[in-house]
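Here is what each chain is made of, one letter per residue.
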Amino acid sequence: MTWVIGIDVGGSKIALGLVSPDDQILSRRRIDTDADEGVDVVTARISTQVDSLKRDLPPGETIAGVGVGAPGLLDPVSGDLYMLVNLPGISNTPFRAILQEKLRLPVRLDHDAKVAALGEFHFGAGRERDSMVYIVVGTGVGAAIIYQGNLIYGESNSAGESGHMTVDPNGRLCHCGSRGCLETYAGGPALAKQYALASGVTVSGAEVTRRAAAGDAAALLVLREAGRALGIAIASIAMTLNIELFVIGGGVASAGDLFLDPARESLKDYCFESVAAKIKVTASALGEDAALLGAAFLAR
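Since the structure is predicted, the reported quantities are computational estimates derived from the model, not experimental observations. (Residues numbered from 1 in each chain as written. Predicted model: local features only at pLDDT ≥ 70, side-chain atom pairs only at ≥ 80, totals over all residues. Heavy atoms only, no water.)

(A) The arrangement of the side chain of Thr 184 in detail. Relative to the helices and strands, Thr 184 resides in helix 4 (residues 183-186). For Thr 184, a relative accessible area of 10% gives the class buried. Among the polar contacts made by the side chain of Thr 184, one reaches the main-chain carbonyl oxygen of Cys 181 at a distance of 2.7 Å. Thr 184 has contacts with Arg 172, Leu 173, Cys 174 and Ala 190, leaving out every residue within four places of it along the chain. (Helix = DSSP H or I, 4+ residues; strand = E, 2+ residues; numbered from the N terminus. Buried < 20%, exposed > 50% of the residue type's maximum accessible area, 1.4 Å probe, protein only. Polar contact = N/O pair within 3.5 Å; in protein donor to acceptor, adjacent residues only side chain to side chain. Contact = heavy atoms within 4.5 Å.)

(B) Looking closely at the sheet that holds strand 12 (residues 280-283). Read from one edge to the other, the open sheet built from five strands follows the order 10-9-8-11-12, with strand pairing classed as mixed. Strands at the two margins of the open sheet, each flanked by one partner only, are strand 10 (150-152) and strand 12. Averaged over neighbouring strand pairs, the angle between their axes works out to 25 degrees when direction is ignored. Taken together, the six bridges between strand 8 (residues 132-137) and strand 9 (residues 141-147) define a ladder with antiparallel strand orientation. Note on strand 9: the bridge partner recorded for Val 137 is Val 141. Each of strand 8, strand 9, strand 10 and strand 11 (245-249) touches helix 3 (residues 112-123); the most contacted strand, strand 8, lies at about 125 degrees to it. (Pairing = 2+ DSSP bridges. Axes fitted to C-alpha atoms, helices over the stretch in contact; angles between N-to-C directions.)

(C) Representation of helix 1 (residues 39-54) within the structure. With 16 residues, helix 1 ought to run about 22 Å at 1.5 Å a step, and its terminal C-alpha atoms sit 22 Å apart, in line with that. Taken residue by residue, helix 1 has Val 39, Val 42, Thr 43, Ile 46, Ser 47, Gln 49, Val 50, Ser 52 and Leu 53 as its buried positions. (Expected span 1.5 Å × (residues − 1).)

(D) Representation of the pattern of salt bridges in the model. Counted by the stated rule, this structure contains 16 salt bridges. Its salt-bridge partner being Lys 54, residue Asp 51 comes within 3.9 Å of it at the nearest N-O pair. Of this pair, Asp 51 and Lys 54 are both found in helix 1, three residues apart, which corresponds to roughly one turn of the helix. Residue Lys 54 is classed as partly exposed on the basis of its relative accessible area of 32%. By sharing partners, the salt bridges in this structure join Glu 207, Arg 210 and Arg 211 into a single network. (Salt bridge = Lys/Arg side-chain N within 4 Å of Asp/Glu carboxyl O.)

Set out below in structure tokens:
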């Protein structure tokens with residue numbers, strides 16, 4: 001095994017981790033994404049942080065490769081980024097090729113949900129299973145499917161777009177143009193919007209989860225509704241794929257059982273009793289480290 005670097009590119013921050021041969025994050029860096037500065041500037045700043053992490057290596061050791069998780073539409077084979085709604089400055093670029101040239105190291109790139117799923121599957125909540133669905137619930141909602149140890153990509157790399165599964169055909173209008181998408185119930189902006197309607201107070205989605213933990217009645221109501229919607233989606237996925245472990249990550253999942261218990265209850269209403277009895281819905285064991293460790297696994 002070798003030393004590698006894992007990188008998690010997000011809408012507002014980029015996290016980097018130096019990962020040892022025994023899969024421990026030895027050293028970390030965090031910088032603002034500032035994607036509007038353009039791909040050359042962003043990759044140059046990543047390169048600077050990689051050089052900084054190299055200085056934390058034990059004497060005589062070197063970096064064998066770099067793994068990157070990025071949000072939005074991308075091609076994991078070519079390493080090209082397509083349309084990233086929250087990162088237009090680096091959209092439609094050969095991101096991997098540019099970064100690889102700057103780093104002079106092999107670089108692998110994949111969707112951030114798939115990368116985090118690899119981390120959870122190999123080192124976290126899924127490490128004793130051979131199949132798992134990882135659902136990340138943050139600003140948006142996405143998922144990654146691991147079946148018998150392999151990531152499922154679909155025919156055009158779009159497998160796992162669970163945020164746009166319909167949980168209510170007559171439901172809320174989604175920015176994708178459809179109605180009743182899971183993201184309109186469980187995503188951070190959806191929590192904020194529903195809380196404002198329920199309480200008359202405008203706060204962030206993250207603040208809604210904090211208020212729920214403190215016992216705020218309106219926040220608890222919003223989280224229960226979000227959890228029930230998540231449960232409907234989980235039931236549909238379970239009935240289709242017959243996968244039994246669902247690991248939930250992302251900022252909204254930090255609400256824990258306040259969010260997950262309604263999902264566990266509602267899924268029973270939307271799939272066979274025999275299927276529901278075997279489904280396990282659990283929070284991420286690794287939190288933000290799932291993406292760094294999954295990117296490191298990708299690099300190897």
